[in-house]
Amino acid sequence: MESKDGRDLDVARLAGQLRGLVLQQQDAWLELDLTMPQLRALFAVRRRSGCTVSELAESLGQRLAAASALANRLVRAGLLRHVPDQEDRRRVRLELTDDAEQMLSAVDRRSTDRFAAILGRMSPQGRDALTTALLELIELMSSGTPQSPAATATPGRTDEERP
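Described below are features of the structure shown in this document. By convention here, each chain's residues receive numbers from 1 onward along its written sequence. Per-residue local features of the predicted model are confined to residues with pLDDT of at least 70, and side-chain atom pairs are confined, for both listing and counting, to 80 or more; whole-chain, interface and lining totals are unaffected and use all residues. Heavy atoms from the whole structure form the basis of all side-chain values; hydrogens and water molecules are not counted.

## Describing the packing of helix H3 (residues 53-60) against helix H4 (residues 64-76)
Thinking step 1. Where H3 contacts H4, the two axes come as close as 8 Å, and the packing angle between them is 110°. Overall, the two elements H3 and H4 adopt an arrangement that is roughly perpendicular. Judged by residue contacts, Val53, Ser54, Leu56, Ala57 and Leu60 of H3 engage Leu64, Ala67, Ser68, Leu70 and Ala71 from H4.
Thinking step 2. Lys, Arg, Asp and Glu make up the charged group, whereas Ala, Val, Leu, Ile, Met, Phe, Trp, Tyr, Cys and Pro make up the nonpolar group; the residues left over, Gly among them, are polar. Of the residues assigned to the contact of H3 with H4, the class counts are 8 nonpolar, 2 polar and no charged. Geometry is summarised by axes, namely lines fitted to C-alpha atoms with helices restricted to the contacting stretch, and by angles between N-to-C directions that run from 0 to 180 degrees. Secondary structure elements follow DSSP: runs of H or I of four or more residues count as helices, runs of E of two or more count as strands, with numbering from the N terminus. For this classification, under 35 degrees means roughly parallel, over 145 means roughly antiparallel, 65 to 115 means roughly perpendicular, and everything else is oblique. Here a residue-residue contact requires only that any non-hydrogen atoms of the pair lie within 4.5 Å.

Listed below in structure tokens is the structure:
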């Protein structure tokens, strides 16, 4: 990963440091009566509305039993609902309830407001450089470039269990 001048390693360290700071300062969810795994599950279902518990497990890097228990707790809390698959009645899909969608939207708004306030303190040159860099990074990540085998590995699975 390290380039000749060490810049790649520096960028990776900075990205890790930024992730850590975001998590430390991310208090938009603290007032919710949810654990971080529950919140992650809600965001995962939001991204893949109508996903199955198996797909949720894969998305979260959890075993099926753990994801199933997590989803069932969120159903009992009124944040997820089970919806029969229209094509295969044996399959059950997960969807957010209106309460969950409102809660996640409020978390998004608070997070966006906090980030905008921080960006507002940056110099115009810094914001321009960050915008350019983020646009390039997003383009590269969205381009469908083949990933290394390690990047496509599913956490918690052995090589024998991978498809």
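Moving on, there is more to tell.
## A closer look at the side chain of glutamine 38
Thinking step 1. With respect to the helices and strands, the residue glutamine 38 is situated in helix H2 (residues 36-47).
Thinking step 2. Pairs of N or O atoms within 3.5 Å make up the polar contacts considered here, provided that, within protein, one atom can donate a hydrogen while the other can accept it, and that residues adjacent in sequence are counted only when both atoms are side-chain atoms. There is a polar contact of 2.9 Å between the side chain of glutamine 38 and the backbone nitrogen of threonine 35.
Thinking step 3. For glutamine 38, the contacting residues outside a window of four places in its chain are Asp33, Leu70, Arg73 and Leu74.

## Examining the pattern of salt bridges
Side chains that carry opposite charge are capable of pairing whenever their charged atoms lie near each other.
Thinking step 1. Here a salt bridge means any side-chain nitrogen of Lys or Arg lying within 4 Å of a carboxyl oxygen belonging to Asp or Glu. Under the defined criterion, the tally for this structure stands at 7 salt bridges.
Thinking step 2. One salt bridge in this structure joins aspartate 88 and arginine 90, with 3.1 Å as the shortest N-O distance.
Thinking step 3. Arginine 90 gets classed as exposed once you look at its relative accessible area, which sits at 75%.
Thinking step 4. Each of Arg48, Glu55, Asp85 and Arg93 takes part in salt bridges that share partners, so that together they form one network. Three exposure classes are used, based on accessible area relative to the maximum for each residue type with a 1.4 Å probe and protein chains only: buried under 20%, partly exposed in between, and exposed over 50%.

## Details of the environment of alanine 44
Thinking step 1. Among the secondary structure elements, alanine 44 is positioned in helix H2.
Thinking step 2. Taking the C-alpha atoms as reference points, alanine 44 and alanine 57, separated by 13 residues in sequence, lie 9.7 Å from one another.
Thinking step 3. Filtering out sequence-adjacent residues up to four positions away, alanine 44 remains in contact with Leu56, Ser59 and Leu60.

## Thoughts on the nonpolar core
Thinking step 1. Working definition of a nonpolar core: buried Ala, Val, Leu, Ile, Met, Phe, Trp, Tyr and Cys residues. They are joined through side-chain atoms within 4.5 Å. By size, the foremost hydrophobic cluster in this structure holds 24 residues, and its most contacted members are Leu34, Leu42, Leu56, Leu74 and Leu80.
Thinking step 2. Breaking this core down by element, the ones donating at least two residues are H2, H3, H4, strand S2 (92-96) and helix H5 (98-120).
Thinking step 3. In terms of residue count, the dominant contributor to this core is H2 (5 residues).
Thinking step 4. Residues contacting leucine 74, with those up to four places away along its chain left out, are Leu34, Gln38, Ala41, Leu42, Leu79 and Leu80.

Geometric descriptors of this kind do not, in isolation, establish any biological role.
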